[in-house]
Amino acid sequence: MSATPVTMALPAAPTGYAWEATDEQVAERYGVPLERIVRFDLNTSPSPPDLALRTLRAGEYGRAISEYPAADYRELVAAASTRYGVERRELLVGAGADEILDLLAKAFLAPGASAVIPTPTYAMYRVLTEQRPGRPVFVPRAPAARGYALDQVAVRAAARDAALVWLCDPNNPTGVSEPDGAIAALLAGLLADAEALARPAPVVVLDEAYAEFVGRSHVALRDAYPGLVVVRTASKAYALAGMRVGFAIARPELIAEVAPYRPPGSVAIPSVAVVTAALRDPDALAANVARVARERARLAAALAAAGYPARPSVTNFLLVDLGSRSAARAMAHGLLARGLVPRTFGAEHPLAGHLRFTVRDEPEDGRLIAAFSELAPTVRSSARANPAGSTTGDPEEPTP
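Conventions we followed
- Residues numbered from 1 in each chain as written.
- Predicted model: local features only at pLDDT ≥ 70, side-chain atom pairs only at ≥ 80, totals over all residues.
- Heavy atoms only, no water.
- Axes fitted to C-alpha atoms, helices over the stretch in contact; angles between N-to-C directions.
- Helix = DSSP H or I, 4+ residues; strand = E, 2+ residues; numbered from the N terminus.
- Parallel < 35°, antiparallel > 145°, perpendicular 65-115°, else oblique.
- Left-handed = near helix turned anticlockwise from the far one by under 90°.
- Contact = heavy atoms within 4.5 Å.
- Nonpolar A, V, L, I, M, F, W, Y, C, P; charged D, E, K, R; others polar.
- Pairing = 2+ DSSP bridges.
- Phe/Tyr/Trp six-rings, centres within 6.5 Å; stacked < 30°, edge-to-face > 60°.
- Buried < 20%, exposed > 50% of the residue type's maximum accessible area, 1.4 Å probe, protein only.
- Lys NZ or Arg CZ within 6 Å of the ring centre and 35° of its normal.
- Core = buried A, V, L, I, M, F, W, Y, C linked by side-chain atoms within 4.5 Å.
- Salt bridge = Lys/Arg side-chain N within 4 Å of Asp/Glu carboxyl O.

Participant: Even after reading the chapter, I still don't get the packing of helix H2 (residues 50–58) against helix H10 (residues 269–279), so can you show me in this structure?
Facilitator: If you want to describe how two helices pack, look at the angle between their axes and the distance between the axes. Two elements in contact, H2 and H10, have axes separated by 9 Å at closest approach and are oriented at 140°. Here H2 lies oblique to H10, going by the angle between them. With respect to the hand of their crossing, H2 and H10 are arranged in right-handed fashion. Between H2 and H10, the contacting residues are Leu 51, Ala 52, Thr 55 and Leu 56 on the first element and Pro 270, Ala 273, Val 274, Ala 277 and Ala 278 on the second. A class-by-class count of the residues in the contact of H2 with H10 yields eight nonpolar, one polar and no charged.

Structural data, given as structure tokens:
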């Protein structure tokens, strides 16, 4: 588990993603039984839907697993077309949203080109930009008091000579959506700016990994903004992260530009079958979304009762401000010692004093509530004794 997802290697080496520690590594470092490790850092669900288990047990995938999957993923694309309300030729399948994001960077970000990244947001946008290698242009979001909203004026100014704009709505790790109409207004502004400058408008990648939790999508905006690509996934609300299935949704001409970069057969035959079934079963999705909403409210109330209210969230995670980096590190260390793995943020991250917690199920969240409540008085007392938030005397960084 890394405190920051970006590691800077040798100058000649590409930027990489520092993978989180495995359960085994956490257990070994903190002396916790392996079966007691609970991941509150990955925004995944504690269990898959029953339909996935039934499909896997039956082993009837419509194609032998000794073969490669169909090149066009026909049944999966048909199910996604119906679920998202788009044409089949407006879809491209990938091994999770991360592969889709990688393909989009390859297709639309030439070496040396710039990409706008409103921050804080999902770390892979920076990683993929620098791996091209491109030039990331970071635009700070509004402060927490204003819901971490996009600074539309600053984004438009930064995008005047950019090839790509990375957006995430609802945003990870802040957990909130943009105000109604904000994305549409930004896209209209980008088009107007491009027309005034007599240059092509940048491609806008809109990551909607958490859209099902809020029940809103901006996919219809592709009609007004030809360069819009919406990214969806089966990993979050569908509780199928291990299946590794994601989608790009865009106008056919844009999909045609991405398709040459797609590797053959990157999505396994069982994954195709399971996610196809999930997309065709709205009841399973609705049940999980409702479960997360109930448990999110319970977890948020308990954290607030412990003295640390979570930020508003429409997703399957909560962002909690501990007040300082030293307090966040102390809390993370205490939780890890109990087998509970939070998402931490590095010293230079704008959320360095925060922790992010996945909303899991009642028993697992109960363990987090108990441990957090036990640790909170000590963390609070330490913060009062060290109001400047100095890291002197902090516990060792809680990362292998």
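Participant: How should I be thinking about the sheet that holds strand S4 (residues 91–94) in this particular structure?
Facilitator: Each strand in a sheet pairs with another by means of backbone hydrogen bonds, the pair being arranged parallel or else antiparallel. Spatial ordering of the open sheet is given by S4-S10-S9-S8-S7-S5-S6, a layout of seven strands whose pairing is mixed. Edge positions in the open sheet fall to S4 and strand S6 (135–140), since each of these has one partner strand only. Going across the sheet, the axis of each strand differs from the next one's by a mean of 20°, ignoring polarity. Taken together, the four bridges between strand S9 (residues 228–233) and strand S10 (residues 246–249) define a ladder with antiparallel strand orientation. When the sheet's bridge partners are listed, Arg 232 is paired in S10 with Phe 247. Along the sheet, helix H5 (residues 124–131) makes contact with strand S5 (114–119), S6, strand S7 (164–168) and strand S8 (203–207), crossing S7 at roughly 160°. Most of the contacts of helix H7 (residues 182–197) go to S8, to which it runs at about 170°, and overall it touches S7, S8 and S9.

Participant: Is there a simple way to explain the packing of aromatic side chains in this structure?
Facilitator: We describe a pair of aromatic rings using the distance from one ring centre to the other and the angle between the two ring planes. Tallied over the full model, the rule gives six aromatic pairs. With centroids separated by 5.1 Å and ring planes inclined at 10°, the aromatic side chains of Tyr 125 and Trp 166 adopt a geometry described as stacked. Placement of Tyr 125 in helix H5 and of Trp 166 in strand S7 is noted, with a sequence separation of 41 residues between them. A relative accessible area of 0% places Tyr 125 in the buried class. Ring centres 5.3 Å apart and planes at 80° place the aromatic pair Tyr 210 and Phe 317 in the edge-to-face group. Note that Tyr 210 is positioned in the loop between S8 and helix H8 (211–214) and Phe 317 in strand S11 (residues 317–321), a separation of 107 residues in sequence. For Phe 317, a relative accessible area of 0% translates into the label buried. Linked through ring pairs, Tyr 122, Tyr 125 and Trp 166 together constitute an aromatic cluster. Against the face of Phe 317 rests Arg 356, its NZ or CZ located 5.4 Å from the ring centre.

Participant: I'm lost on the nonpolar core in this one. Help?
Facilitator: One recurring pattern in soluble globular proteins is that nonpolar side chains are buried together. Counting 80 residues, the largest nonpolar core has Phe 247 and Leu 322 as the members making the most contacts within it. Among the elements that take part in this core, helix H13 (residues 362–385) stands out by supplying seven residues, more than any other. Core analysis: the next-biggest nonpolar cluster, separate from the first, contains 30 residues, Leu 109, Leu 128, Val 205 and Leu 254 among them.

Participant: In this structure, what is going on with the pattern of salt bridges? I would like to understand it.
Facilitator: Close approach of charged atoms lets side chains of opposite charge pair. In the structure shown here, the tally under the stated rule is 18 salt bridges. One connected set of salt bridges, linked through shared partners, spans Asp 23, Arg 39 and Asp 41.

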